[in-house]
Amino acid sequence: MHLLYNVRIQQLPGNDDLSIPERMSESAAGFDLQAAVMDETVLEPGERVLIPTGIALEMPEELEAQVRPRSGLALKHGITLLNSPGTIDSDYRGEVKVILHNHGQEPFSIRRGERIAQLVFQELPKVRITQARELSATERGSGGFGHTGK
Ligand SMILES: O=c1ccn([C@H]2C[C@H](O)[C@@H](COP(=O)(O)OP(=O)(O)OP(=O)(O)O)O2)c(=O)[nH]1
């Protein structure tokens, strides 16, 4: 059975014209985030920009929220997130923002209300870090970064 977590969303002042993040279908993993830009913003090829979303979140500490790109924007326009996935900590009460990056060849224009990214909530395991002198042996050992070939 799935656990149900209660996440509170505050629409920040001046953003009543936007809707709170919504899923486009009942089982969609992501809640779409809208651009809360005041004026149309143009993202030139190779440029990055911090886009406000007009919302702040309050979620249980067992959760994090990830800001992820929308595949349609990535495929059609080369628009993605520079820090994908962005991490929203459960104790963060500031505005959720999105670092968009234009990998495409054309300028990309962002208008107020456009769905630019999505939020996916994840459960976080409890982790305690301890310092160790030695680590257990494994078959892989320190092999990585493609050591098994293509
Ligand atoms: O795409 C993102 C990434 C982060 N944040 C907000 C929420 C997050 O809780 C906070 C800090 O993010 P992160 O830990 O990634 O940034 P940092 O560079 O380590 O900053 P800090 O020192 O403030 O933790 O910034 C966003 O709104 N969007």
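Definitions and cut-offs
- Residues numbered from 1 in each chain as written.
- Predicted model: local features only at pLDDT ≥ 70, side-chain atom pairs only at ≥ 80, totals over all residues.
- Heavy atoms only, no water.
- UniProt positions renumbered as here; feature names shortened; annotations may be inferred.
- Helix = DSSP H or I, 4+ residues; strand = E, 2+ residues; numbered from the N terminus.
- Rg over C-alpha atoms; globule rule 2.2 N^0.38 Å.
- Contact = heavy atoms within 4.5 Å.
- Areas by Shrake-Rupley, 256 points an atom, 1.4 Å probe, with all protein chains shown as cover.
- Lys, Arg positive; Asp, Glu negative; His and termini not counted.
- Charge placed at Lys NZ, Arg CZ, Asp CG, Glu CD.
- Buried < 20%, exposed > 50% of the residue type's maximum accessible area, 1.4 Å probe, protein only.
- Core = buried A, V, L, I, M, F, W, Y, C linked by side-chain atoms within 4.5 Å.
- Phe/Tyr/Trp six-rings, centres within 6.5 Å; stacked < 30°, edge-to-face > 60°.

Going by the annotation in an unreviewed UniProt entry, the name recorded for the protein is Deoxyuridine 5'-triphosphate nucleotidohydrolase, with Salinithrix halophila given as the source organism. Recorded under Function (unreviewed entry), the UniProt text for the protein is reproduced unchanged: "This enzyme is involved in nucleotide metabolism: it produces dUMP, the immediate precursor of thymidine nucleotides and it decreases the intracellular concentration of dUTP so that uracil cannot be incorporated into DNA." According to the UniProt record, the Cofactor (unreviewed entry) comment for the protein is "Mg(2+)".

Asker: Could you give an account of the overall build of the protein, with specific residues and numbers?
Answerer: Helix and strand content of the protein: one helix and 11 strands. For the protein, the N- to C-terminal ordering of α and β elements is β-β-β-β-β-β-α-β-β-β-β-β. For a compact globule of 150 residues, the expected C-alpha radius of gyration is about 15 Å, and the protein comes in at 19 Å, more than 25% above that figure. For the protein, the C-alpha atoms occupy an extent of roughly 55 × 40 × 30 Å along the three principal directions. A fraction of 72% describes how many contacts in the protein between residues 6 or more apart in sequence connect residues 24 or more apart. Carbon and sulfur atoms provide 49% of the accessible area of the protein, an area that totals close to 10800 Å². Counting 16 positive and 21 negative side-chain charges, the protein places the averaged centre of each group 5 Å from the other.

Asker: Tell me about the UniProt feature "binding site: substrate" (unreviewed entry) in the protein, and name the residues and values.
Answerer: In the numbering used here, UniProt assigns the "binding site: substrate" (unreviewed entry) feature to Arg70, Ser71, Gly72, Asn83, Thr87, Ile88 and Asp89. Spatial dispersion of the annotated residues is evident: they stretch over 20 residues in sequence, and the largest pairwise C-alpha distance comes to 26.4 Å. Take asparagine 83: it is sitting in the loop between β7 (79-81) and β8 (86-88). Note on asparagine 83: relative accessible area 35%, which makes it partly exposed. Tracing the chain through its elements places aspartate 89 in the loop between β8 and β9 (97-102).

Asker: Pulling in residues and values, what's your account of the environment of glutamine 131?
Answerer: Mapping glutamine 131 onto the fold places it in the segment after β11 (115-123). A C-alpha to C-alpha distance of 50 Å links glutamine 131 and glutamate 40, two positions 91 residues apart in sequence.

Asker: I'd like to hear about the nonpolar core, residue by residue, with values.
Answerer: Leu33, Leu57, Val67, Ile88, Val98, Leu100 and Ile110 are the most contacted members of the largest nonpolar core, which totals 23 residues. Ignoring sequence-local partners within four residues, the contact set of leucine 57 consists of Val7, Arg8, Ile9, Ala65, Ile88, Tyr92, Arg93, Val96, Leu119 and Phe121.

Asker: Give me the packing of aromatic side chains: which residues, what numbers.
Answerer: By the definition in use, this model includes one aromatic pair. With centroids separated by 5.7 Å and ring planes inclined at 80°, the aromatic side chains of phenylalanine 31 and phenylalanine 121 adopt a geometry described as edge-to-face. Residue phenylalanine 31 is located in strand β2 (residues 31-34), and its partner phenylalanine 121 is located in strand β11; the two are separated by 90 residues in the primary sequence. Assessed through its relative accessible area of 23%, phenylalanine 121 is described here as partly exposed.

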